[in-house]
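# Per-entry structural report
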Amino acid sequence: QVQLVESGGGLVQPGGSLRLSCAASGSIFSINTMGWYRQAPGKQRELVAAITSGGSTNYVDSVKGRFTISRDNAKNTVYLQMNSLKPEDTAVYYCNAELKKYRFDYYSGYWGQGTQVTVSS
């Protein structure tokens, strides 16, 4: 079994910072892209940031310059540093990992359970 466990969400004032972490564990052979998605009430889930195993990153325009995604391949962990947070960043943030469980497996996407981020004064 594979598990993705997120941590680091919470309540923060506008302009504040939070750091999300997501650790993948279980039967994992290799991980390709890892990413963070978010879903606000009444809205579709959107990709916030993603990072490949080689370190290439991409971000949704609304977070560029404020959020930074990084990963520790040795720990199968991805991070999202969120600075200058705005009320519109309020959402449930989900971790996603494209991984395969053994050498001749295909890459499949796995999701974490989500962590709430609320930006409010």
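Residues numbered from 1 in each chain as written. Predicted model: local features only at pLDDT ≥ 70, side-chain atom pairs only at ≥ 80, totals over all residues. Heavy atoms only, no water.

### Brief notes about the pattern of salt bridges
Which entries qualify depends on this criterion: Here a salt bridge means any side-chain nitrogen of Lys or Arg lying within 4 Å of a carboxyl oxygen belonging to Asp or Glu. Each residue is placed in one exposure class: buried if its accessible area under a 1.4 Å probe, protein chains only, is under 20% of its type's maximum, exposed if it is over 50%, and partly exposed if it falls in between.
Applying the stated criterion to the full structure yields 4 salt bridges. Ionic pairing is found between Glu46 and Arg38, a salt bridge with its closest N-O pair at 2.7 Å. A relative accessible area of 31% places Glu46 in the partly exposed class. Take Arg38: its relative accessible area is 6%, and that puts it in the buried class. Between Asp61 and Lys64 there is a salt bridge, with the nearest N and O atoms lying 2.9 Å from each other. By relative accessible area, which is 49% here, Lys64 ends up partly exposed.

### Notes on the side chain of Glu6
Applied cut-off: Going along the chain from the N terminus, every DSSP run of H or I of four or more residues is numbered as a helix, and every run of E of two or more is numbered as a strand. Any pair of nitrogen or oxygen atoms within 3.5 Å is treated as a polar contact; in protein, a donor-acceptor pairing is required on top of that, and neighbouring residues in sequence qualify only through side-chain atoms on both sides. Contact between two residues is taken to exist if any of their heavy atoms lie within 4.5 Å; hydrogens are not considered.
Topologically, Glu6 is positioned in strand E1 (residues 2-7). Within the structure, the side chain of Glu6 is placed 3.0 Å from the backbone nitrogen of Gln113, a separation counted as a polar contact. One polar contact links the side chain of Glu6 to the main-chain amide nitrogen of Gly114, over a distance of 2.5 Å. Leave out the neighbours within four places in its chain, and Glu6 touches Ser21, Cys22, Trp36, Tyr93, Tyr94, Cys95, Gly112, Gln113, Gly114 and Thr115.

### Some remarks on the side chain of Thr77
Residue position: Thr77 is located in strand E8 (residues 77-82). Separated by 2.9 Å, the side chain of Thr77 and the backbone oxygen of Lys75 make a polar contact. Ignoring sequence-local partners within four residues, the contact set of Thr77 consists of Cys22, Ala23, Met34, Ser70, Arg71 and Asp72.

### With respect to the pairing of E8
To keep it simple, the criterion reads: Pairing between two strands requires that DSSP report at least two bridges joining them.
Of all the 6 residues making up E8, 5 are buried; the element is thus mostly covered by neighbouring parts of the structure. Bridge count for strand E3 (residues 18-26) against E8 is 6 bridges, and the pairing is antiparallel. Bridging from a neighbouring strand, Arg19 pairs with Gln81 of E8. Hairpin geometry of strand E7 (residues 67-72) and E8 is characterised by an intervening segment of 4 residues between the two adjacent antiparallel strands and by a positive phi of about 50 degrees at Asn76.

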